[in-house]
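# Observations on chain architecture
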Amino acid sequence: MHPRNPCPLDPTRASGLDGALRALAGMPFGEFILVLVGIGFISDGLYSEFRARCARL
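These numbers come from a predicted model, not from an experiment. (Residues numbered from 1 in each chain as written. Predicted model: local features only at pLDDT ≥ 70, side-chain atom pairs only at ≥ 80, totals over all residues. Heavy atoms only, no water.)

The next subject is the packing of helix H1 (residues 16-25) against helix H2 (residues 30-54). Close contact between H1 and H2 brings their axes to 7 Å; oriented N to C, the two are set at 125°. In terms of axis orientation, H1 runs oblique to H2. Seen from H1, the contacting residues are Leu21, Leu24 and Ala25; seen from H2, they are Gly30, Glu31, Ile33 and Leu34. Grouping the constituent residues of the contact of H1 with H2 by class yields five nonpolar, one polar and one charged. (Axes fitted to C-alpha atoms, helices over the stretch in contact; angles between N-to-C directions. Helix = DSSP H or I, 4+ residues; strand = E, 2+ residues; numbered from the N terminus. Parallel < 35°, antiparallel > 145°, perpendicular 65-115°, else oblique. Contact = heavy atoms within 4.5 Å. Nonpolar A, V, L, I, M, F, W, Y, C, P; charged D, E, K, R; others polar.)

Here it is, written out as structure tokens:
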């Protein structure tokens, strides 16, 4: 065990995904970044659907 932990973890301060997204939304240009991430998720879903429909087994 290392005597000094450079990155201490406190489980009482953990916020999960909703906390991470709220923190990102609170940053400058955070909402814009969230929109881009959402567009990326939608694009990935559409691409996966397209690949699944066009796959030849």
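Having seen it, we continue.
Right, let's talk about the environment of Gly30 for a bit. Take Gly30: it is sitting in helix H2. Non-local contacts of Gly30, meaning those with residues more than four positions away in its chain, are made with Leu24 and Ala25.

Phi is positive for Phe29, which is not a glycine, with a value near 65°. As for its placement among the helices and strands, Phe29 is situated in the loop between H1 and H2.

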